[in-house]
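# Coordinate analysis (summary)
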Amino acid sequence: MQSGRQLSTSIDATVPTAARMYDYYLGGKDNYAADRAACEELDKVVPSTRALALNNRRFLQRVVRTLAQEYGIRQFLDHGSGLPTQDNVHQVAQRIDPSSHVVYVDSDPMVLVHGRALLEQDERTAVIQADMRDTETIFTHPETRRLIDFSQPVAVLFNSVMHCIPDSETDGPPALVRRVAERLVPGSFMVMCQLVSEDAQVRDFVTNFMDQATQGHWGRVRQEKDVEAWFDGMDILEPGLVEVSTWRPDSEVAPRQLTQEWIEFGGVGRIR
C-alpha cells in the first residue's frame, strides 16, 4: 500500500523541517532562519523543548550502546535519522564492534547531502533517501541489501519520528510498526519513542503549529497509550516504556526532563 512517494531533491530554506529544527536544538549549524524562528515560537508554549531534544539524543546513544554491548546487535536501521551530529548511531555501535553496519533513512535532501559527505569513507554505513513509511523501498534498497542481513537480528530505530507521521489505516504508526516487525527475525529489536502529552491544549497547539510551519509534513503529538499500543506482542526491555531520560541513565546525576508539558515517551521492544 506504500511505495514510490515523490521526494524533494531540493532544499527550501524558507520552510522549516523537523530535522533542521532538531539540529538547531542540539546546537548544530545545519539549519536556517526559518527553522530557528519556528523553534523560538514553539519555545513560547513548550519551553522544555531544547532539553527534551538533548535528552532524546542521549537516549538514542544509550539504547544503541546497550543493544550492541549487552545483546550483540551488529545491524541498525535508523528511520528518520536526521542531520548528522556528534555520536551518531554508527559511531556508538562501531566503538563496541567496528564491524557494525548502519543504514540511515531520511526524506530530507539536506540529510542525504551531509550524511553522505560524512560517511563517504565508511563502507559499513550508508544513507538513503526515502519516506520512512515506504517499508518495501527501504528494505529492498541496494544499500540496505548490501549492509543488512535480515536473516539475522536487526535493531530498527524510530527515534523521535513517529510524531511526524499522520494517522492512517495503511501508513500510520500502528500499520508501519506491524509492517516492519513482520520482516524481522526473533531476537530483533524495535526502538520507538515520540512526543506525547496528556494535556489536550498542548497536543492541539503543537500539532497545529508544526503542521502549519512545515506545510503539512507532520503528524501529531499523541498520548502514552498510543505509544504503548505499538509494542503489543513484543517483549519490552526494562525499565519499560518511560520518559526517555529515565531509560537506563548513565548515572543518578544524569540530566532528567524537568518539565512535563510534553515528554519524549517510549522504549525498546524485542521481537519474539
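Being a predicted model, the structure only gives us computed values, none of them experimental. (Residues numbered from 1 in each chain as written. Predicted model: local features only at pLDDT ≥ 70, side-chain atom pairs only at ≥ 80, totals over all residues. Heavy atoms only, no water.)

## Concerning the overall build of the protein
Counting its secondary structure elements, the protein contains 10 helices and eight strands. Its C-alpha atoms give the protein a radius of gyration of 17 Å, within 12% of the compact-globule value 19 Å for 272 residues. Considering the protein as a whole, with its 272 residues, one finds that 56% of them fall into the buried category. The long-range share in the protein, meaning contacts at least 24 apart out of those at least 6 apart in sequence, stands at 71%. Summed over its atoms, the accessible surface of the protein is roughly 12100 Å², and 48% of this surface lies on carbon and sulfur atoms. Across the protein, the 28 positively charged side chains and the 40 negatively charged ones have centroids separated by 3 Å. (Helix = DSSP H or I, 4+ residues; strand = E, 2+ residues; numbered from the N terminus. Rg over C-alpha atoms; globule rule 2.2 N^0.38 Å. Buried < 20%, exposed > 50% of the residue type's maximum accessible area, 1.4 Å probe, protein only. Contact = heavy atoms within 4.5 Å. Areas by Shrake-Rupley, 256 points an atom, 1.4 Å probe, with all protein chains shown as cover. Lys, Arg positive; Asp, Glu negative; His and termini not counted. Charge placed at Lys NZ, Arg CZ, Asp CG, Glu CD.)

## A short note on the pattern of salt bridges
Under the definition given, this model contains 14 salt bridges. Taken together, the salt bridges that share partners define one network made up of D167, R220 and R222. (Salt bridge = Lys/Arg side-chain N within 4 Å of Asp/Glu carboxyl O.)

## Looking at the packing of aromatic side chains
Taken as a whole, this structure holds five aromatic pairs when the rule is applied. Residues Y24 and Y25 carry aromatic rings whose centres are separated by 6.0 Å and whose planes lie at 50° to one another, so their mutual orientation is tilted. When the centroid spacing of 5.2 Å and the interplanar angle of 65° are considered together, the rings of Y71 and F189 count as edge-to-face. Highlighted residues: Y71 in helix α3 (residues 49–71) and F189 in strand β5 (residues 189–196), separated in sequence by 118 residues. A residue is classified by how much of its surface remains accessible, and Y71, at 29% relative accessible area, is partly exposed. (Phe/Tyr/Trp six-rings, centres within 6.5 Å; stacked < 30°, edge-to-face > 60°.)

## Regarding the nonpolar core
Core analysis: the biggest nonpolar cluster contains 34 residues, and L77, F158, L184, M190 and M192 have the highest contact counts within it. Secondary-structure elements contributing two or more residues to this core are β2 (101–106), β3 (125–129), α6 (135–140), β4 (155–159), α8 (173–181), β5, α10 (224–230) and β8 (263–270). Counting residues per element, this core draws most heavily on α8, which supplies four residues. Discounting chain neighbours no more than four positions away, the residues touching M190 are V156, F158, V177, V180, A181, L184, F231, M234, G267, V268, G269 and I271. Listed in part, the 26 residues of the second largest apolar core include L67, V92, F189 and V244. (Core = buried A, V, L, I, M, F, W, Y, C linked by side-chain atoms within 4.5 Å.)

## Remarks on the environment of M110
Relative to the elements of secondary structure, M110 occurs in helix α5 (residues 109–119). Since its relative accessible area comes to 4%, M110 is described here as buried. Expressed as a C-alpha distance, the spacing of M110 and D12, which sit 98 residues apart in the sequence, is 9.6 Å.

## Some words on the packing of helix α2 (residues 33–45) against helix α9 (residues 200–213)
Look at α2 against α9: their axes get within 11 Å of each other, and the N-to-C directions meet at 170°. For the element pair α2 / α9, the angle class is roughly antiparallel. Contacts between α2 and α9 involve A38, E41, L42 and V45 from the former and F205, V206, F209 and M210 from the latter. A class-by-class count of the residues in the contact of α2 with α9 yields seven nonpolar, no polar and one charged. (Axes fitted to C-alpha atoms, helices over the stretch in contact; angles between N-to-C directions. Parallel < 35°, antiparallel > 145°, perpendicular 65-115°, else oblique. Nonpolar A, V, L, I, M, F, W, Y, C, P; charged D, E, K, R; others polar.)

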